[in-house]
Number of protein chains: 2
Amino acid sequence: MPNVADLGLVPQPARVSLGEGRIRLSDASEVLRRIDTALPAEGYVLDVGVGGVRLRAGGTAGLFYGEQTLLQLLPPERLSSPTLARALARGPVDLPVVRIEDEPAYPWRGFMLDVARHFFPVGFILRMIDQLAAHKLNVLHLHLTDDQGWRIPIPGYPRLTEVGGWRAGTVIGFDSPHGDSGHDDHVHDERPHGGAYTRADLERIVAYAAERHIRVLPEVDFPGHVGAAIAAYPELGNGAMPDVRTRWGISQHILNLEDSTLRFVQAVLDEVMDIFPGAYVHGGGDEVPKREWRESAAVQRRRIELGIADEEELQGWFTAQIDRMIRTRGRRLVAWDEVVTGGAPKDTLVMAWRTSGYGVNAALQGYDVVMSPSEYVYLDHRQSTNPDEPVTFPDSPLPLARVFEFEPVPEELRAAYGTPGCGRVLGGQVHLWSEYVPNERHAEYMTFPRLCAFAEAVWRAPLAPGGYRDFPDFHRRVSSHMARLRAAGMSYREFDTSSAFLELEQVPPERRPLLTGGR
Amino acid sequence: MPNVADLGLVPQPARVSLGEGRIRLSDASEVLRRIDTALPAEGYVLDVGVGGVRLRAGGTAGLFYGEQTLLQLLPPERLSSPTLARALARGPVDLPVVRIEDEPAYPWRGFMLDVARHFFPVGFILRMIDQLAAHKLNVLHLHLTDDQGWRIPIPGYPRLTEVGGWRAGTVIGFDSPHGDSGHDDHVHDERPHGGAYTRADLERIVAYAAERHIRVLPEVDFPGHVGAAIAAYPELGNGAMPDVRTRWGISQHILNLEDSTLRFVQAVLDEVMDIFPGAYVHGGGDEVPKREWRESAAVQRRRIELGIADEEELQGWFTAQIDRMIRTRGRRLVAWDEVVTGGAPKDTLVMAWRTSGYGVNAALQGYDVVMSPSEYVYLDHRQSTNPDEPVTFPDSPLPLARVFEFEPVPEELRAAYGTPGCGRVLGGQVHLWSEYVPNERHAEYMTFPRLCAFAEAVWRAPLAPGGYRDFPDFHRRVSSHMARLRAAGMSYREFDTSSAFLELEQVPPERRPLLTGGR
């Protein structure tokens, strides 16, 4: 008789009771669906039994998640189609008798794709949306602009994509993320890289995601990470005439504070809010080198005029300008955790990326927080210390088991707010920065199976005091789950012995699974 | 002392004399370049000797090809940059003393990429252009429209890309290319696939190619293979209301012959000629199922009005309309070999794809011909009978050795025209149809190293009577050459034992290289 782990459900539902026998399902219309407002909006109860297949949920999102779980009860090869109707079109299936009661622990379960460092085609994004849905995630954050590329057309500023959408080449191999040498003697590949979405493309993404209960969070990064915009329109900067950046790391060139530049920012945000209907808009705010502001007479005049003490506070003022533009249209600002230093408005949603400590700090100051700490959820870090791993940051490997350990609410906050209350932490986000991710297949390799571990981390309840996370159980489930990724055509990373050992360094010896033989 | 094969030059130059010793080259400016109009326009003489590095050529294309050969004399890892200046920026190199006299045998050396069945991003096309240039090819043929997708925006017809640029899904696995069952009960993956270039994208491709002496041949396929256009504008068809096709094979839906449809064709060709400045425009003409024309009262009225006997001749009339539209602007029509049957104008350039026999037939009828016979140059066929090869057509593997055997001028024509005269054969083209090529990495795998063999086949002189092609020599050179592909970041297909055996079935036993050990 099978046990629950044999079902290979990912993320693991809150409660699963496995019965005996199997029930035939021939058509999606045989599934009895009902909204039951007593359940949470994203929660559901799935009953496969003698009475057939019944699905109750608190809302349409819950019905959708119930169907995602039901799909995982099908033979994995059926998952080459992401909907039950089409998966069953190939013939009836026998489902195990089971009752599943489920609901997510966190309302914000996000995935960020950096389409600025490398451009990814719309078709790829739609395929990823299918996978986010299959893993019950509900936010797709698109990082649309950066020093190395600008991907969203803005009316009145055609050069943003025509010039800012293309760079002359890409640095070869690993490139230090720290600062800028001023002169540019690195070797790049001389292969132009670029691209931009059309408004219709972005609307297609938004609509496709919405049908799958995923909101798209657009990010335009200001006032730093704007090298591509300044390459297109040097008048936005502080006197420099840069090209679209061909190496990684942070450009020193940031926005000036002229009224015309603020009008540009307004135009960008207006177009963003026209295309993306969601409640949130991400305004960036990370890694803003202040040298140009210190050295610019115009910026210093503005600072004094505004009665502002220093450049950190000046970023706070800038954040407040963006916040006002967004708030006027009834939206809410999301920004990277750096904005806390400058004193961002208190209803800014802070995305904590540097370490979870910055998220704790923001939450304790009264900000709502989404946790995306690099030490747990940065998928651009390599998956093992195996020398065959592709080029990436040279240190800090992020093995599967580490992602699995991710707790959106760290110990310090649990102490402050009590368990299971999440306090101000809305959830978590996993990030795929794409400096070292040049194409779709590579993106899939970096994303899977680590996304599976992340999906589990933001779905499951916070760790009870004295509890532990059962990685071997997850490892076993995700091993089965890979057949679903394979059916969906995803180029996930296979387990290998060296990486498995690294993953297992995180696991107490007595709980390590056998690595060879069997499953 | 090294021999010529050790240089691993691909394509092999016409004459190579290897001397002794090595010469240091530190900077691209040290290469003495000179135009010598006594040489053929694409020919060059490269001298690396005590006098330094000297390059003479018949024209700028010859200088460019001389530089491509010079780049192959560098350590392969330098080829991560495609230009000499940048490759030398990493430090001086010691070149072997060598004299190379070289010129291509055929003026048309093409590569076709099908961007209709799967959309490929601009950045990928630019990277492929670099590789075409490195292999001394000079035509990039883009198959821009088909039943499964329309990729070029046409003013006045926005739905061509908005609707025709996207399909609801893609059939899973192998799908018979033969005909249409009428009803559509196949299983597709429900993942929308699509995309379209902007005019600026296409202009970028044209300019980038031109700098590398590559002309871009645009193809818009009429009057069949227009399912995506009819999905966007059903009034172009004969009453059917199809969706953009989600399976492979040929749609039964073709253009009607209304004046408004001919105006549409004119608008498409006008935009194509505005964007693509080359002398040739490809108008398709392949695989036109005539059923709709036979069954349409309107088409039959038109046929009788025109005094035309049957539907084959009707296609000839249609081809003549396209020809006129193109000729008016001083361009020349290229079409698939089917148009010969309908009696296409005699200065149509015929692209022979079905077998080389159709090319022979066209040439003997007085057409200029580009040879691209499926049995030698269809890169969508699998590379070995190894069951691990990705899904493709189930029969007709096309191993490397088979591509290497390709002779643009077949025996029959050599008999008719004499050797080495090529008669009416301008050269050859290799085709990457993309039904089973879903992404960039996959496209690279299907293309390399077979493109290397093709490049050699269209560069080298026609086979002398009683001569033979030395595949083991090529195999050895291409083995070294792979390090260049690797440096350039191409996902070429590695040799493996099973495929090597298959490749060697083409080679007489006494000439087979050792497969294991050494090089």
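See the structure printed just above.
First, a word on scope: everything that follows refers to the structure included in this document. Given the structure is predicted, the values throughout are model-derived calculations rather than measurements.

**Considering the overall build of chain A**
Reasoning step 1: Secondary structure summary: chain A contains 18 helices and 17 strands in total.
Reasoning step 2: Expected size for 519 residues packed as a compact globule is a radius of gyration near 24 Å; at 24 Å, chain A falls within 12% of this value.
Reasoning step 3: For chain A, the C-alpha atoms occupy an extent of roughly 80 × 50 × 45 Å along the three principal directions.
Reasoning step 4: Sequence separation of 24 or more characterises 71% of the internal contacts of chain A that already satisfy a separation of 6 or more.
Reasoning step 5: Accessible area of chain A: about 18,600 Å², with a carbon and sulfur share of 51%.
Reasoning step 6: When the 55 basic and 70 acidic side-chain charges of chain A are each reduced to a single mean position, those positions are 5 Å apart.

**What to know about the nonpolar core**
Reasoning step 1: Core analysis: the largest hydrophobic core is formed by 157 residues, its most contacted members being Phe111, Leu140, Trp150, Ile152, Ile205 and Phe222 of chain A.
Reasoning step 2: Grouped together as the second largest cluster of nonpolar side chains are 156 residues, Ala87, Phe120, Val340 and Leu400 of chain B included.

**Section: the pairing of strand S13 (residues 280-284) of chain B**
All names here are of chain B.
Reasoning step 1: With 5 of 5 residues buried, S13 is to be regarded as a mostly interior element.
Reasoning step 2: As judged from the 2 bridges shared by strand S12 (residues 215-222) and S13, these two strands associate in the parallel manner. When the sheet's bridge partners are listed, Phe222 is paired in S13 with Gly284.
Reasoning step 3: As paired strands, S13 and strand S14 (residues 332-336) are joined by 3 bridges and run parallel to one another. Among the inter-strand pairings, Tyr280 is bridged to a residue of S14, identified as Arg332.

**Brief notes about the relation of the copies chain B and chain A**
Reasoning step 1: With an RMSD of 0.0 Å, chain B superimposes on chain A once it is rotated by 180 degrees and translated 0.0 Å along the axis. On the angle and the small slide along the axis, the relation comes out as a two-fold axis.
Reasoning step 2: Most of the interface of chain B is mirrored in chain A: 100% of its interface residues are interface residues there too.

**Let's talk about the interface of chain B and chain A**
Reasoning step 1: The interface is formed by 29 residues belonging to chain B together with 29 residues belonging to chain A.
Reasoning step 2: Between chain B and chain A lies a buried interface of about 2,900 Å² when both sides are counted; carbon and sulfur atoms form 53% of it.
Reasoning step 3: Our count for the chain B to chain A interface comes out at 2 salt bridges.
Reasoning step 4: The salt bridge partner of Arg191 of chain A is Asp130 of chain B, with a shortest N-O separation of 3.4 Å.
Reasoning step 5: At the junction of chain B with chain A, the criterion picks out 12 residue pairs in polar contact (both at pLDDT 80 or more).
Reasoning step 6: For the side of chain B that touches chain A, the elements supplying multiple residues, two or more each, are helix H3 (122-134), helix H5 (199-211) and helix H15 (440-447) of chain B.
Reasoning step 7: Residues belonging to the side of chain B that touches chain A are distributed by class as follows: 11 nonpolar, 7 polar and 11 charged.

**Digging into helix H11 (residues 356-364) of chain B**
For an α-helix, 3.6 residues make a turn, and residues three or four places apart therefore share a direction.
Residue and element names in this part refer to chain B.
Reasoning step 1: Those residues of H11 that sit buried are Ser356, Gly359, Val360, Ala362 and Ala363. Angular distribution of buried residues about the axis of H11 spans 165 degrees; they occupy a single face of the element.
Reasoning step 2: After H11 finishes, the residue Gly366 shows a positive phi value of roughly 100 degrees.

**Some words on the packing of aromatic side chains**
Reasoning step 1: Applying the stated criterion across every chain, the model contains 38 aromatic pairs over all chains.
Reasoning step 2: Ring geometry for Trp336 of chain A and Trp433 of chain A: centres 5.8 Å apart, planes at 45 degrees, overall tilted. Remark: Trp433 of chain A occurs in the loop between strand S17 (425-432) and helix H15 (440-447) and Trp336 of chain A occurs in strand S14 (residues 332-336); sequence separation between them is 97 residues.
Reasoning step 3: On the basis of relative accessible area, Trp336 of chain A is assigned to the buried category, the value being 0%.
Reasoning step 4: Judged by centre distance (6.1 Å) and plane angle (45 degrees), the ring pair of Trp150 of chain B and Phe264 of chain B falls under tilted. Residue Trp150 of chain B is located in strand S9 (residues 149-150), and its partner Phe264 of chain B is located in helix H7 (residues 259-275); the two are separated by 114 residues in the primary sequence. Here Trp150 of chain B matches Phe264 of chain B in class, with each residue buried.
Reasoning step 5: One aromatic cluster in this structure is built from Trp150, Tyr157, Phe222, Tyr233 and Phe264 of chain A.
Reasoning step 6: Sitting over the ring of Tyr208 of chain A, Arg212 of chain A keeps its end group 3.6 Å from the ring centre.
Reasoning step 7: Its end group placed over the ring of Trp459 of chain B, Lys136 of chain B keeps NZ or CZ at 5.8 Å from the ring centre.

**Things to note about the sheet that holds strand S5 (residues 93-102) of chain B**
In sheet architecture, strand pairing relies on hydrogen bonds along the backbone and comes in two forms, parallel and antiparallel.
Residues and elements named next belong to chain B.
Reasoning step 1: The mixed open sheet is built from 5 strands, whose spatial order is S1-S5-S3-S4-S2. In this open sheet, the two edge strands, each paired with only one partner strand, are strand S1 (15-25) and strand S2 (32-35). Neighbour-to-neighbour, the strand axes of the sheet open up by a mean angle of 20 degrees, direction not taken into account.
Reasoning step 2: Of the strands in this sheet, S2, strand S3 (44-49), strand S4 (52-57) and S5 are in contact with helix H1 (residues 60-72), which crosses S3 at around 40 degrees.

**Brief notes about the packing of helix H16 (residues 450-459) of chain A against helix H17 (residues 471-487) of chain A**
Residue and element names in this part refer to chain A.
Reasoning step 1: Between H16 and H17, the least distance of the axes is 10 Å, while the angle of their chain directions is 120 degrees. Considering their axes alone, H16 and H17 lie oblique with respect to each other. As H16 runs across H17, the sense of the crossing is right-handed. Across from Cys452, Ala453 and Glu456 in H16, the residues of H17 making contact are Phe474, Arg477, Val478, His481 and Leu485.
Reasoning step 2: Among the residues making up the contact of H16 with H17, the classes are represented as 5 nonpolar, 1 polar and 2 charged.

**Remarks on the pattern of salt bridges**
Residues and elements named next belong to chain A.
Reasoning step 1: Inspection of every chain in the model, using the stated rule, returns 73 salt bridges over all chains.
Reasoning step 2: Asp473 is paired through a salt bridge with Arg477; the nearest N and O atoms lie 2.9 Å apart. Placement of both Asp473 and Arg477 in helix H17 is noted, with a separation of 4 residues, approximately one turn of the helix.
Reasoning step 3: The class of Arg477 is buried, set by a relative accessible area of 2%.
Reasoning step 4: Residues joined in a network through salt bridges with shared partners are Arg15, Asp47, Arg99, Glu101 and Glu103.

**Quick word on empty space enclosed by the protein**
Residues and elements named next belong to chain A.
Reasoning step 1: Throughout the structure, instances matching the rule amount to 4 cavities of 30 Å³ or more.
Reasoning step 2: Contributing to the lining of the largest cavity are 14 residues, with Leu79, Gln131, Ala134, Arg484 and Ala488 lying nearest its centre.
Reasoning step 3: Looking at the lining of the largest cavity, the elements that each hand over two or more residues are helix H1 (60-72), helix H3 (122-134) and H17.

**Here we look at the sheet that holds strand S15 (residues 349-352) of chain B**
All names here are of chain B.
Reasoning step 1: The sheet built from 8 strands closes into a barrel, its strands ordered S6-S7-S12-S13-S14-S15-S16-S17 with parallel pairing. Going from strand to strand, the sheet's axes swing by 30 degrees on average, the running direction of each strand aside.
Reasoning step 2: H7 contacts S12 and S13 of the sheet and is inclined by roughly 170 degrees relative to S12.
Reasoning step 3: With respect to the sheet, helix H10 (residues 311-327) is in contact with S12, S13 and S14, its orientation differing from that of S14 by roughly 145 degrees.

**Remarks on the packing of H7 of chain B against H10 of chain B**
All names here are of chain B.
Reasoning step 1: Here H7 crosses H10 at 40 degrees, and the two axes come no closer than 10 Å. Classed by the angle they form, the pair H7 and H10 counts as oblique. H10 is crossed by H7, and the crossing has right-handed handedness. Contacts between H7 and H10 involve Leu262, Val265, Gln266, Leu269 and Met273 from the former and Trp317, Phe318, Gln321, Ile322, Met325 and Ile326 from the latter.
Reasoning step 2: Per-class residue counts for the contact of H7 with H10 are 9 nonpolar, 2 polar and no charged.

**Things to note about helix H10 (residues 311-327) of chain A**
Residue and element names in this part refer to chain A.
Reasoning step 1: With 17 residues, H10 extends 24 Å between its outermost C-alpha atoms, agreeing within 8% with the 24 Å of an ideal straight helix rising 1.5 Å per residue.
Reasoning step 2: Buried residues dominate H10, accounting for 12 of its 17 residues.
Reasoning step 3: All buried positions along H10 are accounted for by Glu311, Leu314, Gln315, Gly316, Trp317, Phe318, Thr319, Gln321, Ile322, Asp323, Met325 and Ile326.
Reasoning step 4: Contacts made by the buried residues of H10 are with strand S12 (215-222), helix H7 (259-275), strand S13 (280-284), helix H8 (291-295), helix H9 (297-306) and S14.
Reasoning step 5: The N-cap residue of H10 is Asp310: its side-chain oxygen and the backbone nitrogen of Glu312 are 3.2 Å apart.

**As for the environment of Pro96 of chain B**
All names here are of chain B.
Reasoning step 1: Mapped onto the elements, Pro96 comes out in strand S5.
Reasoning step 2: As for Pro96 and Glu444, which are separated by 348 residues in sequence, their C-alpha atoms are 31 Å apart.
Reasoning step 3: Residues in contact with Pro96, not counting those within four places in the same chain, are Leu7, Leu18, Gly21, Arg22, Val48 and Leu73.

**Focus on unusual backbone geometry**
All names here are of chain A.
Reasoning step 1: With an omega of -5 degrees, the peptide bond between Phe222 and Pro223 qualifies as cis.
Reasoning step 2: Inspection of the secondary structure assignment puts Pro223 in the loop between S12 and helix H6 (227-232).
Reasoning step 3: Unlike most non-glycine residues, His225 shows phi in positive territory, near 55 degrees.
Reasoning step 4: Examined against the element boundaries, His225 turns out to sit in the loop between S12 and H6.

Cut-offs used in this document
- Counting restarts for each chain, with residues numbered from 1 along the sequence as it is written.
- As they are written, the chains are lettered A onward and the ligands numbered 1 onward, keeping that order.
- Restriction of local features to residues with pLDDT of at least 70 applies here, the model being predicted, together with a cutoff of 80 or more for giving and counting side-chain atom pairs; totals for whole chains, interfaces and linings are based on all residues.
- Side-chain measures were taken over the full set of non-hydrogen atoms in the model, leaving aside hydrogen atoms and water.
- Numbering of helices and strands starts at the N terminus; helices are DSSP runs of H or I of at least 4 residues and strands are runs of E of at least 2.
- For the radius of gyration, the atom set is restricted to C-alpha positions; the globular benchmark scales as 2.2 Å times the number of residues to the power 0.38.
- For this analysis, residues touch if any pair of their heavy atoms sits within 4.5 Å.
- Exposure was quantified through the Shrake-Rupley algorithm and a 1.4 Å probe, taking into account, for residues, occlusion by the shown protein chains and nothing else.
- When charges are counted, Lys and Arg contribute as positive and Asp and Glu as negative, whereas His and the chain ends are disregarded.
- Every charge is mapped to an atom, namely NZ of Lys, CZ of Arg, CG of Asp or CD of Glu.
- Among the buried residues, those of types Ala, Val, Leu, Ile, Met, Phe, Trp, Tyr and Cys that are joined through side-chain atoms within 4.5 Å form a nonpolar core.
- Burial classes follow relative accessibility: with a 1.4 Å probe on protein chains only, a residue under 20% of its type's maximum area counts as buried, one over 50% as exposed, and anything between as partly exposed.
- We call two strands paired when DSSP finds no fewer than two bridges between them.
- For the least-squares superposition of copies, only C-alpha atoms count, and only for residues with pLDDT at least 70 in both.
- Throughout, the accessible surface (probe 1.4 Å) given up by two parts as they are put together, summed over both, is called the buried area.
- Any Lys or Arg side-chain nitrogen found within 4 Å of a carboxyl oxygen on Asp or Glu counts as a salt bridge.
- N or O atoms closer than or at 3.5 Å make up a polar contact, with two conditions inside protein: a donor-capable atom paired with an acceptor-capable one, and, for residues adjacent in sequence, both atoms drawn from side chains.
- Gly is put with the polar residues, along with every residue not named as nonpolar or charged; the nonpolar set is Ala, Val, Leu, Ile, Met, Phe, Trp, Tyr, Cys and Pro, and the charged set is Asp, Glu, Lys and Arg.
- Picture the helix axis, draw a direction to every C-beta atom, and the arc is the one those directions span.
- A pair of Phe, Tyr and Trp rings is counted when the ring centres sit within 6.5 Å of each other, with Trp represented by its six-membered ring. The angle between the planes then sorts it: under 30 degrees is stacked, over 60 is edge-to-face, the rest tilted.
- As a reminder, the over-ring test applies to NZ of lysine and CZ of arginine, requiring each to be within 6 Å of the ring centre and within 35 degrees of the ring normal.
- Convention adopted: a line fitted to C-alpha atoms gives each axis, helices being fitted over their contacting stretch, and angles between N-to-C directions are expressed from 0 to 180 degrees.
- In these notes the angle categories are as follows: under 35 degrees is roughly parallel, over 145 is roughly antiparallel, 65 to 115 is roughly perpendicular, and the rest is oblique.
- Crossings are classed by handedness, with left-handed meaning an anticlockwise turn of the near helix from the far one by less than a right angle and right-handed meaning a clockwise turn.
- Only protein atoms enter the 1 Å grid used here, on which a cavity is any set of points holding a 1.4 Å probe that cannot leave and a pocket is any open set flanked by protein within 12 Å on both sides along at least five of seven lines; residues with an atom within 4 Å of a point are listed as lining.
- Grid points are joined across faces, edges and corners, and a volume is the space filled by probe spheres set on the points.
- Given a helix with a known number of residues, its expected span is that number minus one, times 1.5 Å.

Any functional reading would require information beyond the geometric quantities listed.
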